[in-house]
Amino acid sequence: MTYQDLQMDWLKCFVAVVDAGSLSAAAPQVHRSQSAVSMQLKKLEAALECQLLLRGPRQHQLTPEGQTLLGYARRMLDLHAETQAAFHGKELTGRIRLGVPDDYAATYLTPALKRFAPYHGKVEIELNCEQSTSLIPRIERGDLDLALVSRDSRKGAFLFYEPMVWVGSPQFEVWRRDPLPIAVYESTSLAKHNAINTLALQGRRYRVVYNSSSLAGQIAAVESGLAIAVLTQCSVPAHLEILGSDHGLGPLAPMEVTVIRSQASKGAEAVDRLYEVLVKTLRITGAS
């Protein structure tokens with residue numbers, strides 16, 4: 001049986017709609033009109049003989065067949081881009097000084113680097129894992145080129161909201177104590193301010209019993225039964241318990257996660273490319 005070949009333009013439109021969430025948002029990304037994007041999707045569905053997207057009034061949702069195609073489509077488009085770069089692109093070299101907090105590294109940095117590394121193997125990446133409050137000044141001084149951070153101002157390109165959660169050990173049930181023992185990051189930490197403000201609004205008595213600038217230190221305090229802590233949801237180990245209203249703890253404001261770059265790095269092609277990959281990848285990953 002002969003099947004119709006899949007066209008790259010069809011796949012580009014399909015991935016753009018998935019990433020953007022709607023036809024209208026995807027159209028500028030692929031430099032087509034909304035009706036043209038719709039037509040490309042219809043051709044793709046006709047070729048595969050299945051429905052790929054459920055078209056809602058505001059958001060498009062993937063069907064099971066669409067989920068299956070998405071992985072193949074991304075790989076085909078990546079291979080197409082790699083082929084184009086091999087024949088027409090300039091091979092990037094250089095060193096990128098990249099900063100990221102511990103809690104974002106595995107969950108959010110890994111998928112971005114997986115998209116960057118296969119095509120730019122001659123670029124050296126120097127990774128610095130510190131808290132956002134340390135990384136932002138280093139970007140401003142030019143000590144780092146790029147950083148993925150929780151922002152405390154309007155600086156950087158917004159990527160997504162990261163939920164913040166109370167975390168405790170079910171073995172010790174520290175949340176029942178009065179005053180409540182808490183572990184906190186350094187004094188300028190947004191997570192610390194978030195925790196204290198929430199407790200103050202509740203009128204809940206608390207006592208800071210542990211200070212650590214590292215994620216490992218915060219987790220150690222919780223695991224040992226010394227305190228509860230406020231962590232990013234992506235960093236909570238499976239053996240610890242996320243706490244909430246049932247434990248007498250109020251909701252926490254989420255973090256705004258952004259990518260920022262130094263003024264000194266503007267125009268550096270390797271930094272430009274990784275910046276683009278971070279924005280493209282994490283605006284998708286963080287929102288899912």
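Below you will find a few notes about this structure. Bear in mind that the values here come from a model prediction, so they are computed numbers and not experimental data.

1. Observations regarding helix 1 (residues 8-20)
Logical step 1: The end-to-end C-alpha separation of helix 1 is 18 Å, in line with the 18 Å expected for 13 residues at 1.5 Å each.
Logical step 2: Residues of helix 1 that are buried include every one of W10, L11, C13, F14, V15, A16 and V17, and no others.
Logical step 3: On its buried side, helix 1 packs onto helix 2 (23-26), helix 3 (34-48), strand 1 (53-55), strand 2 (60-62) and helix 4 (64-88).
Logical step 4: Positive phi shows up at G21, right after helix 1, with a value of about 95°.

2. Points about the layout of surface pockets
Logical step 1: A volume near 1,400 Å³ is recorded for the largest pocket.
Logical step 2: The wall of the largest pocket is formed by 42 residues, among which V15, D19, D78, R115 and K280 lie closest to the centre.
Logical step 3: Elements represented by at least two residues in the lining of the largest pocket include exactly helix 1, strand 2, helix 4 and helix 9 (269-285).
Logical step 4: If you tally residues by element for the lining of the largest pocket, the top one is helix 4, at 10 residues.
Logical step 5: Per-class residue counts for the lining of the largest pocket are 19 nonpolar, 10 polar and 13 charged.

3. A short note on the sheet that holds strand 8 (residues 180-184)
Logical step 1: Across the sheet, which stays open at both edges, the 5 strands sit in the order 9-8-10-7-11 with mixed pairing between neighbours. Of all strands in the sheet, those bounded by a partner on one side alone are strand 9 (206-211) and strand 11 (241-243). Across the sheet, the mean angle separating the axes of adjacent strands is 45° when strand polarity is ignored.
Logical step 2: Judged from the 5 bridges that link them, strand 8 and strand 9 form a sheet pairing that is parallel. Within strand 9, the residue paired with I182 across the bridge is V208.
Logical step 3: Sheet strands touched by helix 7 (residues 190-202): strand 7 (164-168), strand 8, strand 9 and strand 10 (228-232). Its angle to strand 7, the strand with the most contacts, is close to 80°.

4. Here's the deal with the packing of aromatic side chains
Logical step 1: Per the stated rule, a full pass over the model turns up 3 aromatic pairs.
Logical step 2: Taken together, a centroid distance of 4.6 Å and an interplanar angle of 50° make the contact between Y108 and F160 tilted. With a gap of 52 residues between them, Y108 in helix 5 (residues 102-116) and F160 in strand 6 (residues 157-162) connect regions that are remote in the sequence.
Logical step 3: Three or more aromatic residues joined by ring pairs form one cluster here, namely Y104, Y108 and F160.
Logical step 4: Across from the ring centre of Y275, 5.6 Å away, lies the NZ or CZ of R261, which sits over that ring.

5. Observations concerning the side chain of T198
Logical step 1: Among the structural elements, T198 can be located in helix 7.
Logical step 2: By relative accessible area, which is 9% here, T198 ends up buried.
Logical step 3: When neighbours within four sequence positions are excluded, T198 is seen to be in contact with W166, G250, P251 and L252.

Rules used in this analysis
- Residues numbered from 1 in each chain as written.
- Predicted model: local features only at pLDDT ≥ 70, side-chain atom pairs only at ≥ 80, totals over all residues.
- Heavy atoms only, no water.
- Helix = DSSP H or I, 4+ residues; strand = E, 2+ residues; numbered from the N terminus.
- Expected span 1.5 Å × (residues − 1).
- Buried < 20%, exposed > 50% of the residue type's maximum accessible area, 1.4 Å probe, protein only.
- Contact = heavy atoms within 4.5 Å.
- 1 Å grid on protein atoms, 1.4 Å probe; cavity = no way out; pocket = protein on both sides within 12 Å on 5 of 7 lines; lining within 4 Å.
- Points joined across faces, edges and corners; volume = space filled by probe spheres on them.
- Nonpolar A, V, L, I, M, F, W, Y, C, P; charged D, E, K, R; others polar.
- Pairing = 2+ DSSP bridges.
- Axes fitted to C-alpha atoms, helices over the stretch in contact; angles between N-to-C directions.
- Phe/Tyr/Trp six-rings, centres within 6.5 Å; stacked < 30°, edge-to-face > 60°.
- Lys NZ or Arg CZ within 6 Å of the ring centre and 35° of its normal.

None of the figures reported here should be taken as evidence of function without further support.
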